[in-house]
Amino acid sequence: MELVLPDTLTGRPRAVRRKPGRPVALYVCGPTVYDAAHVGHGRNYLVFDVARRFLEAEGIPVRHVMNITDFEDKLDARAEELGVSWRALARREERAFLRDLAALHLLLPQLTPRATEYVPRMVEVARRLMRTGRVYRDGNEWTYTPPHRAAGKNFPTDRQLAAHAVSEPGHPFPESAGRAGAFMIWRLQRPPKPSWPSPWGPGIPGWHLECYAMADRLLGLPVDLHGGGLDLIYPHHYAENEIALEFRGRPFSHVFLHVGFVLIDGSKMSKSRGALVPLRTALNEVGADALRWYLLSTPPTERLPWSPVELARSRAEFLRVRDAVRHWMRASAGGRDSAASARRLAADVRRELARGLATDRAFRRLSAWATTETERGGAVARTDRARARAAFRDIEARTGLRLL
RNA sequence: GCCGAGGUGGCAGAAUGGUUAAUGCGACGGACUGCAGAUCCGUUUCCUGGGGGUUCGAUUCCCUCCCUCGGCUCCA
């Protein structure tokens, strides 16, 4: 069964496909490792985890790449604050971040390339952009200004930006009309801050070149599925896509999926506002399965308001479902049911996930099944136990929940 | 301004063309109780934002208007 996702670039549902004989090329934008993961990160990577699990359960191999941004201004600032080197801080936070994702029972990507290892390739991307004649230098920075694109080629942000700049007179975007959508590709900088040699002098490449260089090298462009949090659409994915359009005339990815924010007090969880719930804290409180249930209980592209009450309710709901499954599977209780009920449930879950990764609807199927089977006191017959188990194993494989 | 998601009973929230539009909370009545709470039983007539259209039939599909929420160069 095909996995159809709401594609952000076209605004339409699109099936995830692959090149014949190749695995699905999945590139998920990773974190800047300067602080602990919060539940917003958790939800983001969780959504791609379920997408990958679904494809693999369908027998489709996935090559899953997630970059680690291990040099960046905020990382420098944090390192200085703590009195450690930016490299040491990045390594430490990277380990913690990946450990927390694994604790949420995520399948970790096969490859987690670090930005620091890709600087020479990013320099090469910058060099090619320099040759387009669309780059200008302003002091220590070189900036690339993309040409105007026809509708549908990229996220419709340049129009937005122009309108936004006009509607807010104090907006710090100087020549907005002509330069909407421009992004930095090289900045001069010296140690102890991150710095690498280049034809333009020592410094650092712009962030957007990172994912382009990595995806091109490790997966080949265009990739099949790409995404991250909704906040990455602009400027990050817009910019990556501009580079792909410049060099190849094709978008960065066949399908873009962007995950809705986890909201706290009505607005986005953010490190700068200090309003966030660390992933580790939530995991310690309710465990991976209940947290997965909660984070996936709203459609992936929609926002999820964080609420301790709802978290507790999700935990209770997950446990109710798990207990119902376990009880139903205990054939020693003299069960008479065939495996049909479990197989139907697995088919329902599969169908809901295939259609837009509707985790919320899939979970509702599980809840409904649990209610029905509990009320009628059903239990599987000993002879059908193996087939029923296989059905639940399939659900587990796709959702990452541990039910049996 | 632009992009996106929505407007269902007092509140929250299901139902992606088909019988009296779920369920939960709240409220009200009753049982129990010295009173209250908790618990249990029952009741809750009244609800699909406005206006067109498609259809035998619309909460559901199309158009339009109004309103709400989120986002719009740190960011998952």
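Residues numbered from 1 in each chain as written. Chains lettered and ligands numbered in written order. Predicted model: local features only at pLDDT ≥ 70, side-chain atom pairs only at ≥ 80, totals over all residues. Heavy atoms only, no water.

We now examine the overall build of chain A. For chain A, the count of helices and strands is 14 helices and 13 strands. Over its C-alpha trace chain A gives a radius of gyration of 23 Å, about what one expects of a compact globule, namely 22 Å for 404 residues. On the principal axes, the C-alpha backbone points of chain A span a range of 80 × 45 × 40 Å. With 404 residues in all, chain A has 54% of them scored as buried. When contacts within chain A are restricted to residue pairs at least 6 apart in sequence, those whose partners lie at least 24 apart make up 76%. (Helix = DSSP H or I, 4+ residues; strand = E, 2+ residues; numbered from the N terminus. Rg over C-alpha atoms; globule rule 2.2 N^0.38 Å. Buried < 20%, exposed > 50% of the residue type's maximum accessible area, 1.4 Å probe, protein only. Contact = heavy atoms within 4.5 Å.)

To continue, consider the pattern of salt bridges. Considering all chains together, one arrives at 25 salt bridges under this definition. Ionic pairing is found between R248 and D216, a salt bridge with its closest N-O pair at 2.8 Å. Separated by 32 residues along the polypeptide, R248 in helix α8 (residues 233-248) and D216 in helix α7 (residues 208-218) bring together distant segments of the chain. Residue class for R248 comes out partly exposed when judged on its relative accessible area of 39%. Note that D394 is salt-bridged to R398, the shortest N-O span being 2.9 Å. Taken together, the residues D394 and R398, both in helix α14 (residues 385-399) and four residues apart, mark about one turn of the helix. Among the charged side chains, a network of salt bridges with common partners joins D348, R351, E352, R361 and R365. (Salt bridge = Lys/Arg side-chain N within 4 Å of Asp/Glu carboxyl O.)

A few words now on the sheet that holds strand β12 (residues 267-268). Judged by pairing direction, the sheet is mixed, and its three strands sit side by side in the order β12-β11-β13 without closing on themselves. Two strands in the sheet have a free side with no partner beyond their single neighbour: β12 and β13 (304-305). (Pairing = 2+ DSSP bridges.)

Counting buried residues along strand β4 (residues 62-66), four of its five residues qualify, which places the element largely inside the surrounding structure. As judged from the five bridges shared by strand β3 (residues 24-28) and β4, these two strands associate in the parallel manner. Counted as the bridge partner of Y27 is V65 from β4. In this fold, β3 hands off to helix α1 (residues 39-57), which returns the chain to β4; that crossover is right-handed. (Right-handed = clockwise from strand over helix to strand, strands pointing away.)

For the rest of this paragraph, the subject is a positive patch on the surface. A cluster of basic residues, K19, R22, R63 and R250, forms a positive patch on the protein surface. Tracing the backbone through its elements, the reader meets R63 in strand β4. (Patch = residues over 30% accessible without salt bridge, like charges linked within 9 Å, V, L, I, M, F, W, Y side chains within 5 Å. Areas by Shrake-Rupley, 256 points an atom, 1.4 Å probe, with all protein chains shown as cover. Lys, Arg positive; Asp, Glu negative; His and termini not counted. Charge placed at Lys NZ, Arg CZ, Asp CG, Glu CD.)

For α8, a buried count of twelve out of 16 residues is recorded, marking the element as mostly surrounded by other parts of the structure. When α8 is considered as a whole, its buried residues turn out to be I233, H236, H237, Y238, A239, E240, N241, E242, I243, A244, L245 and F247. Backbone geometry just after α8 places G249 at a positive phi near 75 degrees.

This next bit is on helix α10 (residues 288-295). Among the eight residues of α10, eight are classified as buried, and the element is accordingly described as predominantly covered. Every buried residue of α10 is listed here: A288, D289, A290, L291, R292, W293, Y294 and L295.

One can read the domain layout of chain A as domain 1 (4-153 + 185-279) and domain 2 (308-399). One C-alpha centre belongs to domain 1, the other to domain 2, and the line joining them spans 36 Å. Between domain 1 and domain 2, the contact holds ten residues from the first and twelve residues from the second. When domain 1 packs against domain 2, the two sides together hide about 900 Å² of surface, and 61% of this comes from carbon and sulfur. (Domains from an automatic or database assignment. Buried area = accessible area lost by both parts, 1.4 Å probe.)

A separate point is the pairing of strand β7 (residues 183-188). When strand β6 (residues 141-144) meets β7, the two strands line up antiparallel, connected through four bridges. Each residue of the ladder has a partner; that of E141, found in β7, is R187. In terms of strand pairing, β7 meets strand β8 (residues 203-205) through three bridges, oriented antiparallel. Bridging from a neighbouring strand, W186 pairs with P205 of β8.

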